[in-house]
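Results of the structural survey
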Amino acid sequence: MKLYLNGQVASNTKLLPYSDALIRGDGLFETILTSDQNAIAIDRHLLRMKKSAAQLRITMPNQVDIRNGVSKILLGQKGLGKLRLLVLSDGNWLISLEQLAAGLEQVRLTKIAWPINSKSILTGNKSSSYGQSLFAIRWAQSLGFDDGVFINESGFVVESAFCNLLILNDSKWSTPALSTGCLPGIMRELLIDWFNVAEVEMTYQQLLDSQAIYLTSSLRLIQRVSRLDQKVFEQTHLGNQLITQFSDRLFSNINP
(Lines give C-alpha, C1' and ligand atoms only; values in the text may rest on other atoms or scores of the structure.)
Protein backbone atom coordinates (compact mmCIF):
# COMPACT_ATOMS: atom_id res chain seq x y z
CA MET A 1 0.00 0.00 0.00
CA LYS A 2 1.15 3.54 -0.82
CA LEU A 3 0.31 6.44 1.52
CA TYR A 4 0.22 10.20 1.09
CA LEU A 5 -0.37 12.00 4.40
CA ASN A 6 -1.10 15.71 4.84
CA GLY A 7 0.73 16.64 1.66
CA GLN A 8 3.71 14.29 2.02
CA VAL A 9 4.51 10.79 0.84
CA ALA A 10 4.40 8.49 3.89
CA SER A 11 6.51 5.35 4.18
CA ASN A 12 4.29 3.27 6.49
CA THR A 13 1.07 3.18 8.47
CA LYS A 14 2.85 4.07 11.73
CA LEU A 15 2.64 7.68 10.55
CA LEU A 16 -1.16 7.68 10.45
CA PRO A 17 -2.78 10.40 12.60
CA TYR A 18 -4.30 8.27 15.39
CA SER A 19 -6.55 11.10 16.52
CA ASP A 20 -10.07 11.13 17.93
CA ALA A 21 -11.38 11.98 14.46
CA LEU A 22 -9.77 8.89 12.94
CA ILE A 23 -10.72 6.54 15.77
CA ARG A 24 -14.32 7.79 15.94
CA GLY A 25 -14.89 7.88 12.20
CA ASP A 26 -15.41 11.65 12.10
CA GLY A 27 -14.61 12.40 8.50
CA LEU A 28 -15.38 11.79 4.86
CA PHE A 29 -13.88 9.48 2.30
CA GLU A 30 -13.97 8.70 -1.39
CA THR A 31 -13.01 5.38 -2.95
CA ILE A 32 -11.82 5.87 -6.51
CA LEU A 33 -10.98 3.35 -9.19
CA THR A 34 -7.62 3.95 -10.88
CA SER A 35 -6.33 2.73 -14.21
CA ASP A 36 -2.57 3.00 -14.56
CA GLN A 37 -1.81 6.60 -13.53
CA ASN A 38 -5.39 7.84 -13.94
CA ALA A 39 -8.04 8.34 -11.26
CA ILE A 40 -11.45 7.55 -12.76
CA ALA A 41 -14.06 10.35 -12.49
CA ILE A 42 -11.86 12.31 -10.06
CA ASP A 43 -13.75 15.57 -10.64
CA ARG A 44 -17.09 14.03 -9.69
CA HIS A 45 -15.60 12.39 -6.59
CA LEU A 46 -14.08 15.65 -5.37
CA LEU A 47 -17.29 17.58 -6.04
CA ARG A 48 -19.29 15.06 -4.00
CA MET A 49 -16.82 15.27 -1.13
CA LYS A 50 -16.89 19.08 -1.24
CA LYS A 51 -20.70 19.08 -0.96
CA SER A 52 -20.62 16.62 1.95
CA ALA A 53 -17.89 18.59 3.71
CA ALA A 54 -20.01 21.74 3.57
CA GLN A 55 -23.02 19.89 4.98
CA LEU A 56 -21.04 18.27 7.81
CA ARG A 57 -18.92 21.38 8.50
CA ILE A 58 -15.63 19.70 7.69
CA THR A 59 -12.88 21.84 6.20
CA MET A 60 -11.61 20.45 2.91
CA PRO A 61 -7.92 20.57 2.04
CA ASN A 62 -6.99 22.71 -0.94
CA GLN A 63 -8.06 20.87 -4.09
CA VAL A 64 -4.73 21.63 -5.73
CA ASP A 65 -3.00 19.81 -2.86
CA ILE A 66 -5.35 16.82 -3.19
CA ARG A 67 -4.83 16.58 -6.94
CA ASN A 68 -1.08 16.91 -6.49
CA GLY A 69 -1.17 14.08 -3.96
CA VAL A 70 -3.23 11.89 -6.30
CA SER A 71 -0.73 12.49 -9.11
CA LYS A 72 2.24 11.67 -6.90
CA ILE A 73 0.79 8.50 -5.42
CA LEU A 74 -0.21 7.25 -8.90
CA LEU A 75 3.21 7.90 -10.41
CA GLY A 76 4.43 4.73 -12.08
CA GLN A 77 1.26 2.80 -11.23
CA LYS A 78 0.21 0.00 -13.58
CA GLY A 79 -3.11 -1.78 -13.88
CA LEU A 80 -6.27 -1.24 -11.84
CA GLY A 81 -6.05 0.16 -8.32
CA LYS A 82 -8.14 1.31 -5.37
CA LEU A 83 -7.42 4.87 -4.27
CA ARG A 84 -8.96 6.12 -1.05
CA LEU A 85 -9.09 9.78 -0.04
CA LEU A 86 -9.87 10.38 3.64
CA VAL A 87 -10.48 13.86 5.09
CA LEU A 88 -10.89 14.06 8.87
CA SER A 89 -12.72 16.73 10.84
CA ASP A 90 -9.50 17.68 12.70
CA GLY A 91 -7.75 18.78 9.50
CA ASN A 92 -5.74 15.63 8.83
CA TRP A 93 -6.11 14.01 5.43
CA LEU A 94 -4.56 11.12 3.59
CA ILE A 95 -4.58 9.21 0.35
CA SER A 96 -3.94 5.48 0.14
CA LEU A 97 -3.43 3.33 -2.94
CA GLU A 98 -3.39 -0.43 -3.39
CA GLN A 99 -3.93 -2.89 -6.22
CA LEU A 100 -7.56 -3.69 -6.92
CA ALA A 101 -8.38 -7.17 -5.69
CA ALA A 102 -10.52 -9.42 -7.85
CA GLY A 103 -14.19 -9.20 -6.86
CA LEU A 104 -17.02 -11.70 -6.97
CA GLU A 105 -18.52 -12.29 -10.40
CA GLN A 106 -21.99 -12.34 -8.86
CA VAL A 107 -23.41 -11.64 -5.41
CA ARG A 108 -26.17 -12.95 -3.15
CA LEU A 109 -28.27 -10.42 -1.25
CA THR A 110 -30.61 -10.59 1.71
CA LYS A 111 -33.03 -8.08 3.17
CA ILE A 112 -31.42 -6.35 6.15
CA ALA A 113 -33.56 -6.79 9.23
CA TRP A 114 -33.46 -3.23 10.56
CA PRO A 115 -34.54 -0.01 8.78
CA ILE A 116 -32.28 2.94 8.13
CA ASN A 117 -33.25 6.57 8.59
CA SER A 118 -33.48 8.46 5.31
CA LYS A 119 -33.45 11.77 7.23
CA SER A 120 -30.21 11.20 9.15
CA ILE A 121 -27.59 13.94 8.86
CA LEU A 122 -25.13 11.35 7.53
CA THR A 123 -27.57 10.08 4.89
CA GLY A 124 -26.26 10.65 1.39
CA ASN A 125 -22.76 11.46 2.64
CA LYS A 126 -19.80 9.10 2.34
CA SER A 127 -18.94 9.38 6.01
CA SER A 128 -16.07 7.42 7.52
CA SER A 129 -18.58 6.38 10.21
CA TYR A 130 -19.14 3.12 8.36
CA GLY A 131 -20.01 0.78 11.20
CA GLN A 132 -23.61 0.19 10.13
CA SER A 133 -22.62 -0.96 6.64
CA LEU A 134 -19.76 -3.12 7.88
CA PHE A 135 -22.02 -4.82 10.42
CA ALA A 136 -24.64 -5.39 7.70
CA ILE A 137 -22.02 -7.26 5.65
CA ARG A 138 -21.03 -9.45 8.61
CA TRP A 139 -24.70 -10.10 9.41
CA ALA A 140 -25.48 -11.05 5.79
CA GLN A 141 -22.44 -13.31 5.59
CA SER A 142 -23.48 -15.07 8.78
CA LEU A 143 -26.68 -16.07 6.92
CA GLY A 144 -24.82 -17.31 3.84
CA PHE A 145 -25.13 -14.15 1.72
CA ASP A 146 -22.55 -11.65 0.45
CA ASP A 147 -24.33 -8.34 1.11
CA GLY A 148 -27.66 -6.97 2.23
CA VAL A 149 -30.36 -4.60 1.02
CA PHE A 150 -31.27 -1.68 3.28
CA ILE A 151 -34.91 -0.63 3.61
CA ASN A 152 -35.78 2.82 4.97
CA GLU A 153 -38.35 3.82 7.57
CA SER A 154 -41.00 4.26 4.86
CA GLY A 155 -40.53 0.75 3.52
CA PHE A 156 -38.60 1.72 0.38
CA VAL A 157 -35.49 -0.03 -0.89
CA VAL A 158 -32.37 2.12 -0.45
CA GLU A 159 -29.07 0.41 -1.40
CA SER A 160 -26.80 -2.43 -0.37
CA ALA A 161 -24.21 -2.04 2.37
CA PHE A 162 -21.54 -1.01 -0.15
CA CYS A 163 -23.30 -0.28 -3.44
CA ASN A 164 -26.17 1.39 -5.23
CA LEU A 165 -28.84 -0.81 -6.81
CA LEU A 166 -29.64 -1.07 -10.51
CA ILE A 167 -32.90 -2.78 -11.44
CA LEU A 168 -34.20 -4.15 -14.75
CA ASN A 169 -37.94 -4.37 -15.49
CA ASP A 170 -39.66 -4.55 -18.88
CA SER A 171 -36.36 -3.70 -20.65
CA LYS A 172 -36.05 -0.49 -18.62
CA TRP A 173 -33.47 0.39 -15.98
CA SER A 174 -34.13 2.10 -12.66
CA THR A 175 -32.39 2.85 -9.37
CA PRO A 176 -33.69 3.97 -5.95
CA ALA A 177 -34.22 7.72 -5.80
CA LEU A 178 -32.09 9.95 -3.58
CA SER A 179 -35.23 10.57 -1.50
CA THR A 180 -34.90 7.02 -0.15
CA GLY A 181 -31.63 7.96 1.56
CA CYS A 182 -29.24 6.23 -0.82
CA LEU A 183 -25.75 7.52 -1.50
CA PRO A 184 -25.45 9.67 -4.64
CA GLY A 185 -23.00 7.19 -6.15
CA ILE A 186 -20.69 8.32 -8.93
CA MET A 187 -21.37 5.31 -11.16
CA ARG A 188 -25.08 5.65 -10.37
CA GLU A 189 -24.89 9.26 -11.55
CA LEU A 190 -23.17 8.27 -14.80
CA LEU A 191 -25.70 5.52 -15.49
CA ILE A 192 -28.51 8.04 -15.08
CA ASP A 193 -26.76 10.52 -17.41
CA TRP A 194 -25.63 8.05 -20.07
CA PHE A 195 -28.32 5.35 -20.12
CA ASN A 196 -31.49 7.15 -18.98
CA VAL A 197 -31.78 5.12 -15.78
CA ALA A 198 -34.92 6.26 -13.94
CA GLU A 199 -34.97 7.18 -10.25
CA VAL A 200 -37.83 5.42 -8.45
CA GLU A 201 -39.19 4.50 -5.05
CA MET A 202 -39.90 0.80 -4.72
CA THR A 203 -40.76 -1.64 -1.98
CA TYR A 204 -38.83 -4.79 -1.17
CA GLN A 205 -41.56 -6.89 -2.78
CA GLN A 206 -41.28 -4.87 -5.99
CA LEU A 207 -37.53 -5.41 -5.94
CA LEU A 208 -38.08 -9.12 -5.42
CA ASP A 209 -40.45 -9.17 -8.42
CA SER A 210 -37.89 -7.48 -10.70
CA GLN A 211 -36.54 -9.10 -13.84
CA ALA A 212 -32.92 -8.61 -12.77
CA ILE A 213 -30.87 -6.78 -10.12
CA TYR A 214 -27.33 -5.43 -10.27
CA LEU A 215 -25.03 -3.58 -7.90
CA THR A 216 -23.08 -0.54 -9.01
CA SER A 217 -20.14 1.23 -7.38
CA SER A 218 -16.88 2.95 -8.29
CA LEU A 219 -14.85 -0.24 -7.88
CA ARG A 220 -17.34 -2.87 -9.04
CA LEU A 221 -18.83 -0.75 -11.85
CA ILE A 222 -21.81 -3.10 -12.51
CA GLN A 223 -22.07 -6.47 -10.78
CA ARG A 224 -24.80 -9.06 -11.24
CA VAL A 225 -26.99 -10.19 -8.36
CA SER A 226 -27.65 -13.92 -8.62
CA ARG A 227 -29.95 -14.23 -5.62
CA LEU A 228 -32.12 -12.10 -3.33
CA ASP A 229 -33.13 -14.15 -0.32
CA GLN A 230 -34.81 -17.21 -1.84
CA LYS A 231 -35.26 -15.85 -5.37
CA VAL A 232 -32.67 -16.73 -8.03
CA PHE A 233 -31.94 -14.26 -10.85
CA GLU A 234 -30.54 -15.48 -14.15
CA GLN A 235 -28.20 -13.57 -16.44
CA THR A 236 -29.90 -11.28 -18.94
CA HIS A 237 -28.77 -10.13 -22.37
CA LEU A 238 -29.60 -6.51 -21.51
CA GLY A 239 -27.57 -6.74 -18.33
CA ASN A 240 -24.51 -8.16 -20.09
CA GLN A 241 -24.88 -5.53 -22.78
CA LEU A 242 -25.04 -2.69 -20.26
CA ILE A 243 -21.99 -3.98 -18.36
CA THR A 244 -19.94 -3.92 -21.58
CA GLN A 245 -21.25 -0.60 -22.87
CA PHE A 246 -20.77 1.16 -19.56
CA SER A 247 -17.21 -0.12 -19.07
CA ASP A 248 -16.22 0.79 -22.63
CA ARG A 249 -17.59 4.31 -22.30
CA LEU A 250 -16.05 4.90 -18.88
CA PHE A 251 -12.54 3.79 -19.85
CA SER A 252 -12.65 5.82 -23.03
CA ASN A 253 -13.48 8.95 -20.99
CA ILE A 254 -11.80 8.54 -17.60
CA ASN A 255 -12.90 11.88 -16.16
CA PRO A 256 -16.47 12.35 -17.41
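See above for the structure.
For clarity, every value in this text was computed on a predicted model and none was experimentally measured. (Residues numbered from 1 in each chain as written. Predicted model: local features only at pLDDT ≥ 70, side-chain atom pairs only at ≥ 80, totals over all residues. Heavy atoms only, no water.)

Tracing the backbone through its elements, the reader meets Arg48 in helix 2 (residues 42-56). The class of Arg48 is buried, set by a relative accessible area of 9%. Aside from chain neighbours lying at most four places away, what touches Arg48 is Glu30, Lys126, Leu183, Pro184, Gly185 and Ile186. (Helix = DSSP H or I, 4+ residues; strand = E, 2+ residues; numbered from the N terminus. Buried < 20%, exposed > 50% of the residue type's maximum accessible area, 1.4 Å probe, protein only. Contact = heavy atoms within 4.5 Å.)

On to the packing of aromatic side chains, then. All told, the structure shown has 8 aromatic pairs when counted by the stated rule. Aromatic side chains Phe29 and Tyr130 sit 5.3 Å apart centroid to centroid with 85° between the ring planes, which places their arrangement in the edge-to-face category. With Phe29 in strand 3 (residues 27-35) and Tyr130 in the loop between strand 7 (106-111) and helix 4 (131-142), the pair connects residues that are 101 residues apart, well separated along the chain. The class for Tyr130 is partly exposed, based on a relative accessible area of 22%. Ring plane angle 50° and centroid distance 5.7 Å describe the contact between Trp194 and Phe246, whose orientation is recorded as tilted. Remark: Phe246 occurs in helix 7 (residues 237-252) and Trp194 occurs in helix 5 (residues 186-195); sequence separation between them is 52 residues. (Phe/Tyr/Trp six-rings, centres within 6.5 Å; stacked < 30°, edge-to-face > 60°.)

Here we come to the state of the cysteines. Counted according to the given criterion, the structure contains 0 disulfides. Residue Cys163 stays outside any disulfide, its sulfur separated by 12 Å from that of Cys182, the closest cysteine. Of the residues examined, Cys163 reaches a relative accessible area of 4% and is grouped as buried. A residue is classified by how much of its surface remains accessible, and Cys182, at 3% relative accessible area, is buried. (Disulfide = S-S within 2.5 Å.)

What follows covers the pairing of strand 9 (residues 157-160). As defined by bridge partners, strand 8 (residues 147-151) adjoins strand 9 across 2 bridges and the pair is classed as antiparallel. Bridge pairing in strand 9 places Val149 opposite Ser160. (Pairing = 2+ DSSP bridges.)

A few words on the sheet that holds strand 1 (residues 2-5). If you walk across this open sheet you meet the 6 strands as 2-1-6-5-3-4, and the pairing is antiparallel. Edge positions in the sheet fall to strand 2 (8-10) and strand 4 (38-39), since each has one partner strand and no second. The pairing of strand 3 with strand 5 (residues 80-88) spans 9 bridges and is antiparallel. Directly across from Thr31, in strand 5, lies its bridge partner Arg84. Where helix 2 meets the sheet, it contacts strand 3, strand 4 and strand 5, and its direction lies at approximately 175° from that of strand 3. (Axes fitted to C-alpha atoms, helices over the stretch in contact; angles between N-to-C directions.)

Moving on: the packing of helix 2 against helix 3 (residues 63-74). The contact between helix 2 and helix 3 brings their axes to 12 Å, and the two run at 140°. Classed by the angle they form, the pair helix 2 and helix 3 counts as oblique. You can see that helix 2 and helix 3 cross each other, and the crossing is right-handed. Side by side, helix 2 and helix 3 meet where Ile42, Asp43, Leu46 and Lys50 of the first sit next to Gln63, Ile66 and Arg67 of the second. Considering only residue class, the contact of helix 2 with helix 3 consists of 3 nonpolar, 1 polar and 3 charged. (Parallel < 35°, antiparallel > 145°, perpendicular 65-115°, else oblique. Left-handed = near helix turned anticlockwise from the far one by under 90°. Nonpolar A, V, L, I, M, F, W, Y, C, P; charged D, E, K, R; others polar.)

Moving on, we come to the pattern of salt bridges. Tallying each qualifying case throughout the model produces 7 salt bridges. The salt bridge partner of Asp43 is Arg67, with a shortest N-O separation of 2.7 Å. A residue pair is termed long-range when its members are at least 10 positions apart, and Asp43 in helix 2 and Arg67 in helix 3 qualify at 24 residues. Under the relative-accessibility criterion, Asp43 is labelled partly exposed at 33%. With its nearest N and O atoms 3.0 Å apart, the salt bridge here joins Arg108 to Asp146. One end of the pair, Arg108, is in strand 7; the other, Asp146, is in the loop between helix 4 and strand 8, with 38 residues separating them in the sequence. Judged by its relative accessible area of 32%, Arg108 is partly exposed. Asp146 sits in the buried class, given a relative accessible area of 18%. In the salt-bridge network here, residues are joined through shared partners; they are Arg44, Glu189 and Asp193. (Salt bridge = Lys/Arg side-chain N within 4 Å of Asp/Glu carboxyl O.)

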